[in-house]
Amino acid sequence: MASRDDFEQANQRGRDREARVPRVVSAHYDRKTGRIVIHLSSKLIVSFSPGDVEGLEDARPSQLGRIEISPSGFGIHFPAVDADLYVPGLLEGFLGSETWMASRLGQIGGRSRSKAKKAASRTNGRLGGRPRKVAER
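Residues numbered from 1 in each chain as written. Predicted model: local features only at pLDDT ≥ 70, side-chain atom pairs only at ≥ 80, totals over all residues. Heavy atoms only, no water.

1. Section: the overall build of the protein chain
Right, so step 1: When its secondary structure is counted, the protein chain shows four helices and six strands.
Right, so step 2: Moving toward the C terminus, one meets the helices and strands of the protein chain in the order α-β-β-β-β-β-β-α-α-α.
Right, so step 3: Taking all 137 residues of the protein chain together, the buried fraction comes to 23%.
Right, so step 4: Sequence separation of 24 or more characterises 37% of the internal contacts of the protein chain that already satisfy a separation of 6 or more.
Right, so step 5: Total accessible area computed for the protein chain in this model is approximately 10300 Å², and 51% of it derives from carbon and sulfur atoms. (Helix = DSSP H or I, 4+ residues; strand = E, 2+ residues; numbered from the N terminus. Buried < 20%, exposed > 50% of the residue type's maximum accessible area, 1.4 Å probe, protein only. Contact = heavy atoms within 4.5 Å. Areas by Shrake-Rupley, 256 points an atom, 1.4 Å probe, with all protein chains shown as cover.)

Rendered as structure tokens:
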């Protein structure tokens, strides 16, 4: 069971965070640029493509029109797709879970078209391509 001191410490941590981390003042989807725009209490304006955020990558523009700001100002919610974004994480460059971000990086790496990758692909093709997977028995 939590003691009164625990609650006081938690409240103090919350006040400290509010003093250090900018909060969302307003947020909207800009149809012209196709980007979500967030205005912060620090006067910083952040914008990003919904396709780069876990939970919003398949959202249609009509689903991005309504954005709710959390009471703390540290989060935004997209009710039409039931997706949430933690703004301090966004400011640190985290647009999704570690697993989701790692898969996105893998996709980007897979599309790489470097000279070395092209040469390796040609060499591998001359050797017959990738070995076939052996079915387990």
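2. Some points on the pairing of strand β5 (residues 75–78)
Both faces of the sheet carry side chains from a regular strand, because those side chains alternate between them.
Right, so step 1: Across the two faces of β5 the burial is the same, with Gly75 and His77 and Ile76 and Phe78 all buried.
Right, so step 2: As defined by bridge partners, strand β4 (residues 68–69) adjoins β5 across two bridges and the pair is classed as antiparallel. Pairing of Ile69 across the sheet is with Ile76, part of β5.
Right, so step 3: Between the end of β4 and the start of β5, which pair antiparallel, lie five residues, with Gly73 showing a positive phi angle near 85 degrees.
Right, so step 4: Sheet topology places β5 next to strand β6 (residues 83–86); four bridges connect them, and they run antiparallel. (Pairing = 2+ DSSP bridges.)

3. Quick notes on the pairing of strand β1 (residues 24–30)
Right, so step 1: Where β1 meets strand β2 (residues 35–40), six bridges bridge the pair, whose relative direction is antiparallel. What sits directly across from Tyr29, in β2, is Ile36.
Right, so step 2: Taken together, β1 and the strand that follows it, β2, pair antiparallel across an intervening segment of four residues, in which Gly34 is found at a positive phi of about 70 degrees.

4. Overview of unusual backbone geometry
Right, so step 1: Positive phi outside glycine occurs at Lys43, with the angle close to 80 degrees.
Right, so step 2: When you line up the elements, Lys43 lands in the loop between β2 and β3 (45–48).
Right, so step 3: Look at Asp82: it is not a glycine, yet its phi comes out positive at around 50 degrees.
Right, so step 4: Position of Asp82 among the secondary structure elements: in the loop between β5 and β6.

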